[in-house]
Structure formats: C-alpha cells, structure tokens
Amino acid sequence: MTDPVAVGQTAVDQLLGVLDLEQIDEMTFRGMSPPVGPQRVYGGQVAGQALVAAGRTVDPERFVHSLHGYFVRPGDPSEPIEYQVENVRDGRSFSVRRSVALQHDQPIFFMSASFQRTEEGLDHQAPTPPDVPAPDDVPTMADRLSRYPERLGIWGQIPRPIDVRYVGEPGWVRPGDRPADPHQRVWMRFDGKLPDDPLLHACAVTYASDLTLLDSVLSVHGEVWGPGGVIGASLDHALWFHRPFRADEWFLYDCWSPSASGARGLATGRFLTIDGRHVASAVQEGLLRRVGD
C-alpha cells in the first residue's frame, strides 16, 4: 500500500523545507529536491531556490521587483543543487544579484534579480478580465483528475502544496477534449499558511509561475501535453512584482500566448488577487515539439 499524497499544510510545509536552503558561506547555498518528483528538476523549484539564495544576500528592507532566468541544462532531482550568488551592485535604491544553480560543476540555471527599497510613485493597472468565475465555482484538481485516471501519472505521487483550479480545460486532458481558447485562466493559492516574509511569498509565486504558463501556448490550438499532443521544456523565465500580496490567498493566473513559431512558444501571464489587484507579471518562452501516440 502506497503512502497518501501530501496535501494542504503538510505539502506546504514540505515545500517550505525545499525553499529553506542550507547556507555554505556568505554567498553560497545548497538546495535539495523533493524525494518524489519528476525525472528532472521542476523549473519553478530551481527558480524559486535561486531567488531565495539571491534574496538572502540583500538588505531585507529591499524587495524583489524583477527576475530574469535561463534554463540551460536539465537538473537531476537526486543530487543537491549549489547556488552561487554574485553581488552585482548595491545602490542607494536598488540591489542587483546574479544567482547561478550548479550541479556537477555545470550551470543548470542562472538568474539576475533586482531588489528595490519601497518608494511612492504613479499607480495604475490594466482592466481585469470580466466574467471570470470565482474559485469556488470551478472544479478542483481532484475533480478534474477523476475524469482522466490514465493521465494522473506523476500528479498522483508528488505533494500538492498549491490548490490549482482551471477555469477552462487543462492541457493534460485527452487529445480532442480541449477546445481552443486564446486565454488560459487558473485560480491558485498555496494550500496552507505561509510565514509573513515577503521574500518567501515572492519565491512561492515564482515556484507557481512555471506550473501552467506554457500551457497557454497549447490552449490557442486546443492542443494537449503528452501522447498525441506536445512535449515541452522551459527555455527562459521572467517575473515582475508590482504590489504586495500573499501567496496563500487566492490569485488568478491569467495567461495568453502572443506568438508561437520554430518549435518555440511565447507565453505571458498576470497574477491578480481575488479583489482585482495586479500583483505580478510573467513571461516565458518554451521549446514545444509534437509527439505521436
């Protein structure tokens, strides 16, 4: 008999353990992957850990406002990941760090992140999407997975720290079951209480941002992941943080794809709180290739 999959606060606490890096020296940290997971390190995990490493070298009065990262090699989840941080600059208002993730002395991911002290200035945002159903009015992940037991795969084994609720059809349904849609919208929240540290909430959203973003490229075509559909991998990832938020409260991940060509797809998304505040934006390009049945 297999152990039950961790959910709720237990899964959140396990993720907090993954993000709690071991400090080797002033600018070097070590991270581990969950004991059960995909065959390669999940991109949101390495990006989140790289941001943890960078953030721990910055004055806590300065908050991350942007990050730009590149995935250069697949990570091995059975091996530790070393994060080396470079202090690029500490100015009067901004601090910039470069964080490199290494395995076997080779980079698997690198990131530049910028941190800013709190300032006042102009404030506006684009209109929120109309007529999006509330989180309680869309199916839970468990509801959706029950319709596709053959697609359960790794989702039936790994912890689920995030409550993910798709407004439309997800990309892991059977081929032919997904209507084309120019937008993919997903309600998310970390399914347990997180500490109050703003850096940790930014790292949590960084972790979550890689879950469904590329799926918006497939959504334009009504395509799905896996046999009879498409396989993919993240190439680069960027995030901007606009306003304070909590990752353990509902946010809408509103995603769309402006372009796809040359076996690559570009996806962009915005994070909106349940009361409509635009708190973060994401852009990602991914490698996308068709596979047979």
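Sequence order sets the numbering: in each chain, residues are counted from 1 along the sequence as written. It should be noted that, the model being predicted, local features are given only for residues of pLDDT at least 70 and side-chain atom pairs only at 80 or more, the latter also being counted only at that level, while totals for whole chains, interfaces and linings use all residues. Note: side-chain values were computed over all heavy atoms of the structure, leaving out hydrogens and water.

The name an unreviewed UniProt entry assigns to the protein is Acyl-CoA thioesterase, from the organism Micromonospora rubida. Here is the UniProt Sequence similarities (unreviewed entry) comment for the protein, exactly as written: "Belongs to the C/M/P thioester hydrolase family." UniProt positions are given in the numbering used here, feature names are shortened, and annotations may be inferred rather than shown by experiment.

Asks: In this structure, what is going on with helix H1 (residues 8–19)? I would like to understand it.
Replies: For the purposes of this entry, the term helix denotes a DSSP run of H or I that reaches at least four residues, the term strand denotes a run of E that reaches at least two, and both are numbered from the N terminus. To estimate how far a helix should reach, multiply one less than its number of residues by 1.5 Å. Between its first and last C-alpha atoms H1 spans 17 Å; for 12 residues at 1.5 Å apiece the expected length is 16 Å, and the two agree. For the exposure calls, accessible area comes from a 1.4 Å probe over protein chains only, and a residue counts as buried if that area is under 20% of its type's maximum, exposed if over 50%, partly exposed in between. Taken as a whole, H1 has its buried residues at Gly-8, Ala-11, Val-12, Leu-15, Leu-16, Val-18 and Leu-19. What you see down the axis of H1 is that its buried residues fit within an arc of 155 degrees, all on one side. At its buried positions, H1 is contacted by helix H2 (43–55), strand S8 (183–190) and helix H4 (198–212). Comment: arc refers to directions from the helix axis out to C-beta atoms. The contact definition used throughout considers only heavy atoms, calling two residues in contact when any of these lie within 4.5 Å.

Asks: Please clarify how the packing of aromatic side chains should be interpreted in this entry.
Replies: Each aromatic ring pair is described using two quantities: the centre-to-centre distance and the angle formed by the ring planes. Any two rings among Phe, Tyr and Trp, with Trp reduced to its six-membered ring, count as a pair given centres within 6.5 Å; such a pair is stacked if its planes are under 30 degrees apart, edge-to-face if over 60, and tilted if neither. With the rule as written, the count across this model stands at 7 aromatic pairs. Taking the centre distance of 4.8 Å and the plane angle of 45 degrees together, the rings of Phe-71 and Phe-109 count as tilted. Of this pair, Phe-71 sits in strand S3 (residues 62–71) while Phe-109 sits in strand S6 (residues 106–117), and the two are 38 residues apart along the sequence. Owing to a relative accessible area of 17%, Phe-71 belongs among the buried residues under this scheme. The class for Phe-109 is buried, based on a relative accessible area of 1%. Measuring from centroid to centroid gives 4.1 Å for Tyr-253 and Phe-271, while their planes differ by 15 degrees, and the two rings are stacked. Within this pair, whereas Tyr-253 is found in strand S10 (residues 251–261), its partner Phe-271 is found in strand S11 (residues 264–273), the two being separated by 18 residues in sequence. There is no split in this pair, since Tyr-253 and Phe-271 are both buried. Above the plane of the ring of Phe-110 lies Arg-98, whose end atom (NZ or CZ) is 5.1 Å from the centre. Remark: a charge is flagged as sitting over a ring if the NZ atom of Lys or the CZ atom of Arg is within 6 Å of the ring centre and within 35 degrees of the ring normal.

Asks: Any chance you could explain the environment of Pro-170 here in plain terms?
Replies: Mapped onto the secondary structure, Pro-170 falls in the loop between strand S7 (162–166) and S8. Each C-alpha atom, one on Pro-170 and one on Ala-54, is 33 Å from the other, the two residues being 116 residues apart in sequence. When sequence neighbours within four positions are dropped, the list of residues in contact with Pro-170 reads Arg-144, Arg-178 and Asp-215.

Asks: Help me out: how do you make sense of the pattern of salt bridges in this one?
Replies: Once their charged atoms are close, side chains differing in charge can pair, the charge on each being opposite to the other. Salt-bridge detection follows one rule: a side-chain nitrogen of Lys or Arg within 4 Å of a carboxyl oxygen of Asp or Glu. If you walk through the whole model with that rule in mind, you get 17 salt bridges. Of the charged contacts, one joins Asp-215 and Arg-178 as a salt bridge, the two residues approaching to 3.0 Å between their closest N and O atoms. Of this pair, Asp-215 sits in helix H5 (residues 215–221) while Arg-178 sits in the loop between S7 and S8, and the two are 37 residues apart along the sequence. Each member of the pair, Asp-215 as well as Arg-178, is classed as buried. Note that Arg-246 is salt-bridged to Asp-196, the shortest N-O span being 2.9 Å. One end of the pair, Arg-246, is in the loop between strand S9 (230–241) and S10; the other, Asp-196, is in the loop between S8 and H4, and 50 residues separate them in sequence. Among the residues examined, Arg-246 registers a relative accessible area of 22% and is labelled partly exposed. Exposure remark for Asp-196: the relative accessible area of 60% places this residue in the exposed category.

Asks: Would you mind going over H2 with me for this structure?
Replies: One turn of the α-helix equals 3.6 residues, which is why residues spaced by three or four share an orientation. Its 13 residues give H2 an end-to-end C-alpha distance of 18 Å, which sits within 8% of 18 Å, the value for a rise of 1.5 Å per residue. Of all 13 residues in H2, 13 are buried; the element is thus mostly enclosed.

Asks: Would you take a moment to explain the pairing of S10 for this structure?
Replies: Remark: a regular strand shows side chains that alternate across the two faces of the sheet. Pairing between two strands requires that DSSP report at least two bridges joining them. Relative to S10, S8 runs antiparallel, the two being bridged by 6 bridges. What sits directly across from His-183, in S10, is Trp-256. Of the pairings in the sheet, the one linking S10 to S11 comprises 9 bridges and is antiparallel in character. Bridge assignment links Phe-251 to a residue of S11, and that residue is Thr-273.

Asks: I would appreciate a short explanation of the side chain of Ser-216 in the present structure.
Replies: Here Ser-216 lies in helix H5. We define a polar contact as two N or O atoms separated by no more than 3.5 Å, with the added condition that, inside protein, one atom must be a possible hydrogen donor and the other a possible acceptor, whereas residues neighbouring each other in sequence contribute only through side-chain atom pairs. A polar contact of 2.7 Å, which involves the side chain of Ser-216, links it to the backbone oxygen of Leu-213. In this structure, Ser-216 is in contact with Gln-184, Cys-255, Trp-256, Ser-257 and Ala-267, ignoring residues within four places of it in sequence.

Asks: Is there a simple way to explain the UniProt feature "domain: Acyl-CoA thioesterase 2 C-terminal" (unreviewed entry) in the protein in this structure?
Replies: Per the UniProt record, "domain: Acyl-CoA thioesterase 2 C-terminal" (unreviewed entry) is annotated on residues 176–287. Secondary structure over residues 176–287 splits into 20% helix and 46% strand, and the C-alpha atoms at its two ends are 22 Å apart.

Asks: It is not clear to me how the nonpolar core should be interpreted in this structure. Could you clarify?
Replies: The tendency in soluble globular proteins is for nonpolar side chains to be buried as a group. Only buried Ala, Val, Leu, Ile, Met, Phe, Trp, Tyr and Cys residues count toward a nonpolar core, and they belong to the same one when joined by side-chain atoms within 4.5 Å. Residues Val-46, Leu-51, Tyr-83, Phe-109, Phe-190, Phe-241 and Phe-271 are the most contacted members of the largest nonpolar core, which totals 68 residues. Here the element with the most residues in this core is H4; it accounts for 8 residues. If we skip the residues at most four places from it in the chain, Phe-241 touches Val-64, His-65, Ser-66, Leu-67, Ala-202, Val-205, Thr-206, Val-279 and Ala-280. In this structure, Trp-187, Trp-250, Leu-252 and Leu-272 belong to the second largest nonpolar core, which totals 5 residues.

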